[in-house]
Amino acid sequence: ETDEINVCVTGAAGQIGYAFLPLLLTGQCFGDKKINLRLLDVPQAESILQGVELELQDGAYPLLKSIKTGSDETTLFKDVDVAVFIGGFPRKPGMERKDLLTINGNIFKKQGQALDTVAKKNCKSLVVANPANTNCLILAETAKSIPKQNFSALTRLDHNRAISQIALKAGCSITDVKNVIIWGNHSTTQYPDVNHGTVLGKRIRQFINDEAYLNNAFIERVQKRGGEVLAARKNSSVMSAANAVKDHLHDWYFGTKQGEFVSMAVYSDGSYGVPNGLIFSYPVTCSNFNYKIVQGLHIDEFSKEKIRITTEELLSEKADAFSA
Ligand code: NDP
């Protein structure tokens, strides 16, 4: 255990990167570890990346030990402990999902090869860029020398949105709500599940006592929240996405609280009937930068159907991505 950690952030000239870096550098992910920061972006973003570096200098962060910037993965992934993949090609009007999968698939293959060659073998990866689950799968399948359990995609924003909606409905505080689950894909087919959660120690369904709301409006609101923010802000949800990246890394590294779980998209091992080899959002407990998928939860018919729908979508994304 050294008191330093090597962290690479891709897409670091972008919006989420800009909102995430101050959280990282104020110790909110890895405590008081000194950070050797590597910022990666495409060559066209070089000047912006330099601007970000100037601002990081001006932040005078005591935890920031060193910075490297650039566009070459092989240089910037060298000996990394943690890689956060925020950079991705955005969906443009008229683009088919398959085109997006192919373009991002190629980016993640290239990055996977570099990670495989130069990163530490215990390097942990978090993919944020969309389609996050499938990008993460391509990364994990390409970086073969790194264990599959070291890869994850972000569904923590969806998880946080679900907690927050329940707290608002229940009229209680965020910390009173525990153990909601996001199953499946970080997309509108995700299934926000309240069946195993509690408010002030009471089952959510009992506490809220509104089945119609929980089975319809609540689910839809969480699934489509990104669109709601986009419409209102005329810009995507950047601040809350960066906050979720911080929460995901913090809990993975420091561990979840006793009796509590969080949602992370991880390499499926067949749990809950989901086929092996998808990056699937599950309830997990964490300790020491390891996670375990929560086992033994009873899944009712309503939930089974929702989980089936998001599984189908991930299988078809996988088929499209790997047919390219
Ligand atoms: P953002 O920083 O806003 O978003 C980055 C990625 O995160 C996008 O793929 C976006 O998906 C995804 N994302 C996941 N969750 C959310 C969420 N809740 N809200 C918004 N986005 C979310 O994008 P920018 O365009 O500002 O920055 C992207 C950067 O990536 C640019 O600097 C670009 O140059 C860089 N880039 C880097 C590459 C590389 O490193 N090889 C390759 C391509 C681009 P969605 O598009 O669905 O919103």
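Reading guide: rules and limits
- Residues numbered from 1 in each chain as written.
- Predicted model: local features only at pLDDT ≥ 70, side-chain atom pairs only at ≥ 80, totals over all residues.
- Heavy atoms only, no water.
- Axes fitted to C-alpha atoms, helices over the stretch in contact; angles between N-to-C directions.
- Helix = DSSP H or I, 4+ residues; strand = E, 2+ residues; numbered from the N terminus.
- Parallel < 35°, antiparallel > 145°, perpendicular 65-115°, else oblique.
- Contact = heavy atoms within 4.5 Å.
- Nonpolar A, V, L, I, M, F, W, Y, C, P; charged D, E, K, R; others polar.
- Polar contact = N/O pair within 3.5 Å; in protein donor to acceptor, adjacent residues only side chain to side chain.
- Buried < 20%, exposed > 50% of the residue type's maximum accessible area, 1.4 Å probe, protein only.
- Pairing = 2+ DSSP bridges.
- Right-handed = clockwise from strand over helix to strand, strands pointing away.
- Phe/Tyr/Trp six-rings, centres within 6.5 Å; stacked < 30°, edge-to-face > 60°.
- Near = heavy atom within 4 Å.
- Areas by Shrake-Rupley, 256 points an atom, 1.4 Å probe, with all protein chains shown as cover.
- Domains from an automatic or database assignment.
- Buried area = accessible area lost by both parts, 1.4 Å probe.
- Salt bridge = Lys/Arg side-chain N within 4 Å of Asp/Glu carboxyl O.

Undergrad: Whenever I open this one, the packing of helix 6 (residues 156-170) against helix 10 (residues 239-254) confuses me. Can you help?
TA: The geometry of a pair of packed helices is captured by two quantities: the angle between their axes and the separation between those axes. For the pair helix 6 and helix 10, interaxial distance at closest approach is 8 Å and the crossing angle is 100°. It follows that helix 6 is roughly perpendicular to helix 10 by the angle criterion. Seen from helix 6, the contacting residues are R156, L157 and N160; seen from helix 10, they are S240, A241, N243, A244, D247, H248 and D251. Considered class by class, the residues forming the contact of helix 6 with helix 10 number 3 nonpolar, 4 polar and 3 charged.

Undergrad: Would you take a moment to explain the side chain of N135 for this structure?
TA: Looking at the secondary structure, you find N135 in helix 5 (residues 132-142). Separated by 3.3 Å, the side chain of N135 and the backbone oxygen of N130 make a polar contact. In this structure N135 touches N104, G105, F108, V127, A129 and N130, once residues within four positions along its chain are discounted.

Undergrad: Sorry, what's going on with the pairing of strand 5 (residues 124-127) here?
TA: Taken residue by residue, a regular strand's side chains alternate between the two faces of the sheet. What you see with strand 5 is no split at all: K124 and L126 on one side and S125 and V127 on the other are buried throughout. With 4 bridges joining them, strand 4 (residues 82-85) and strand 5 adopt parallel strand pairing. The residue of strand 5 that forms the bridge with V84 is L126. Each parallel crossover has a hand, and for strand 4 linked through helix 4 (residues 97-118) to strand 5 it is right-handed.

Undergrad: When you look at the packing of aromatic side chains in this model, what are you seeing that I'm missing?
TA: Geometrically, a pair of aromatic rings is defined through the distance of the ring centres and the angle of the planes. Counted according to the given criterion, the structure contains 13 aromatic pairs. Measuring from centroid to centroid gives 5.1 Å for F30 and Y253, while their planes differ by 85°, and the two rings are edge-to-face. On the criterion of sequence distance, the pair formed by F30 in the loop between helix 1 (15-25) and strand 2 (34-40) and Y253 in helix 10 is long-range, its members being 223 residues apart. One exposure class covers both F30 and Y253, and it is buried.

Undergrad: Help me understand the site of the ligand in this model?
TA: Q15, I16, D41, N130 and L157 are the nearest of the 22 residues found near the ligand. G14 places a polar main-chain atom, nitrogen or oxygen, 3.4 Å from an oxygen atom of the ligand. The contact in question runs from a nitrogen atom of the ligand to an N or O atom on the backbone of S237, over 3.1 Å. Protein coverage of the free-state accessible area of the ligand, which is 900 Å², stands at 77%. Of all the elements in the fold, those that place two or more residues in the shell around the ligand are helix 1 and helix 4.

Undergrad: Help me out: how do you make sense of the domain arrangement of the protein chain in this one?
TA: Many authors give the size of an interface as the accessible area that is lost as the parts come together. For the protein chain, the domain assignment lists domain 1 (4-153) and domain 2 (156-323). Between the C-alpha centres of domain 1 and domain 2 the distance comes to 23 Å. Each partner contributes to the interface: domain 1 provides 33 residues, whereas domain 2 provides 35 residues. Summed over both sides, the interface between domain 1 and domain 2 buries roughly 3,000 Å², with carbon and sulfur atoms accounting for 69% of that surface. Considering only the surface of domain 1 that becomes buried against domain 2, R97, N133 and L137 emerge as the three largest contributors, covering 20% of it. Our count for the domain 1 to domain 2 interface comes out at 1 salt bridge. Among the ionic pairs, D320 bridges to R97, the shortest N-O distance being 3.2 Å. Where domain 1 packs against domain 2, one counts 10 residue pairs in polar contact (both at pLDDT 80 or more). Counting only elements with at least two residues in the side of domain 1 that touches domain 2, the list comes to helix 1, strand 4, helix 4, strand 5, helix 5 and strand 6 (151-153). No other element matches helix 5, which puts 6 residues into the side of domain 1 that touches domain 2. For the side of domain 1 that touches domain 2, the residue count by class is 17 nonpolar, 10 polar and 6 charged.

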